[in-house]
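Close look at the chain arrangement
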Amino acid sequence: MAQYGLASKMSQFMQDYPQINFSLAELEGADLLTQLQHQSFDLGILRDVQSQQLNHSQFDAVTLTDDELKVVLPSDHPLAHQTSIQLPDLRPFDVVTLSPGSGVYERISERYQQAGFTPNIRFSTPHIETLLAMIAHTDRVTFLFAKSVAPFMTADFVMRPFTDPIISHLQLVYPHGTLSPAAQRFIHYLTD
């Protein structure tokens with residue numbers, strides 16, 4: 001949330017509306033979709049690859065920001081000197097990735113399928129820091145959205161764009177017509 005400027009907007013909302021309390025549940029995309037469909041949450045923030053799975057006659061989606069999926073490599077990786085990466089460049093390298101439901105997993109799986117080969121996914125986790133630890137000083141690669149990984153990047157890693165970029169939209173999703181006045185105000189804060 002912080003990497004996308006949303007935590008500061010939430011903090012400002014709390015300051016401007018001290019009478020409104022809210023709870024933030026940070027879940028993987030698939031779990032969040034289920035909770036939204038069961039109306040357990042008033043709203044959700046997820047990637048477009050996930051929000052597209054919702055029934056658009058029941059939910060509205062507003063794009064909050066965009067982000068680019070990049071290849072993250074150890075700085076001593078054989079591909080680290082390249083300015084951009086084509087998927088066939090990655091064929092010989094093992095992959096570690098965010099878990100299914102993350103939005104990353106789905107985008108990468110689709111891209112590999114389009115390229116006509118299957119990656120050797122050796123490890124998956126919901127945690128960026130763990131992924132980076134798993135690729136450090138190896139030939140493994142991972143894929144992360146640039147803004148999400150930015151606070152974790154050190155001189156030990158490099159980010160490279162795909163030659164054919166993969167852009168994702170972070171969206172605020174909420175059910176049609178059931179929002180409280182407080183939720184409506186909150187949406188206004190996040191979208192202005």
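Just so we're clear, the structure is a prediction, and the values are computed from it rather than from any experiment.

Pairing is antiparallel across the open sheet formed by four strands, whose spatial order is S1-S6-S2-S5. Every other strand in the sheet has two partners, leaving strand S1 (44–47) and strand S5 (142–145) as the edge strands with one partner each. Each strand axis lies, on average, 30 degrees off the axis of its neighbour in the sheet, ignoring direction. As paired strands, strand S2 (residues 59–74) and S5 are joined by four bridges and run antiparallel to one another.

This part covers the nonpolar core. If you look at the biggest cluster of nonpolar residues, it comprises 46 residues, and the most contacted ones within it are Leu90 and Phe143. Within the residue set of this core, elements represented by two or more residues are helix H1 (6–16), S2, strand S3 (95–98), helix H4 (104–115), helix H5 (128–135), S5, strand S6 (157–175) and helix H7 (181–191). The element contributing the most residues to this core is S6, with seven residues. Dropping the residues within four chain positions of it, Leu90 is found in contact with Val71, Leu79, Ile85, Tyr112, Val141, Phe143 and Phe162.

In this section: a nonpolar patch on the surface. Together, Met14, Phe22 and Leu24 line one region of the surface with nonpolar side chains, adding up to about 280 Å² of accessible area. Within the secondary structure, Met14 is located in helix H1.

Another aspect to go through is H4. When the terminal C-alpha atoms of H4 are compared, their 17 Å separation across 12 residues agrees well with the 16 Å that a helix rising 1.5 Å per residue should span. Turning to H4, its buried residues are Val104, Arg107, Ile108, Arg111 and Tyr112. Relative to the axis of H4, the buried residues are bounded by an arc of 130 degrees and lie together on one face. Exposed side chains of H4 directed beyond 90 degrees from the buried face belong to Gln113 and Gln114.

One pass over the structure, following the stated rule, counts seven aromatic pairs. Pairing Tyr17 with Tyr189 gives two aromatic rings, centres 5.9 Å apart and planes at 75 degrees, and the pair type is edge-to-face. Residue Tyr17 is found in the loop between H1 and helix H2 (29–37), and its partner Tyr189 is found in helix H7; the two are separated by 172 residues along the sequence. Judged by centre distance (6.2 Å) and plane angle (75 degrees), the rings of Tyr112 and Phe143 are edge-to-face. One end of the pair, Tyr112, is in helix H4; the other, Phe143, is in strand S5, and 31 residues separate them in sequence.

It is at 9 Å that the axes of H1 and H7 come closest, and there the two elements cross at 135 degrees. Considered as vectors, H1 and H7 are oriented oblique to each other. Considering how the two elements wind past one another, H1 and H7 form a crossing that is right-handed. Across the interface between the two elements, Leu6, Lys9, Met10, Gln12, Phe13 and Asp16 from H1 touch Ala182, Arg185, Phe186, Tyr189 and Leu190 from H7.

Cut-offs applied
- Residues numbered from 1 in each chain as written.
- Predicted model: local features only at pLDDT ≥ 70, side-chain atom pairs only at ≥ 80, totals over all residues.
- Heavy atoms only, no water.
- Pairing = 2+ DSSP bridges.
- Helix = DSSP H or I, 4+ residues; strand = E, 2+ residues; numbered from the N terminus.
- Axes fitted to C-alpha atoms, helices over the stretch in contact; angles between N-to-C directions.
- Core = buried A, V, L, I, M, F, W, Y, C linked by side-chain atoms within 4.5 Å.
- Buried < 20%, exposed > 50% of the residue type's maximum accessible area, 1.4 Å probe, protein only.
- Contact = heavy atoms within 4.5 Å.
- Patch = residues over 30% accessible without salt bridge, like charges linked within 9 Å, V, L, I, M, F, W, Y side chains within 5 Å.
- Areas by Shrake-Rupley, 256 points an atom, 1.4 Å probe, with all protein chains shown as cover.
- Salt bridge = Lys/Arg side-chain N within 4 Å of Asp/Glu carboxyl O.
- Expected span 1.5 Å × (residues − 1).
- Arc of directions from axis to C-beta.
- Phe/Tyr/Trp six-rings, centres within 6.5 Å; stacked < 30°, edge-to-face > 60°.
- Parallel < 35°, antiparallel > 145°, perpendicular 65-115°, else oblique.
- Left-handed = near helix turned anticlockwise from the far one by under 90°.

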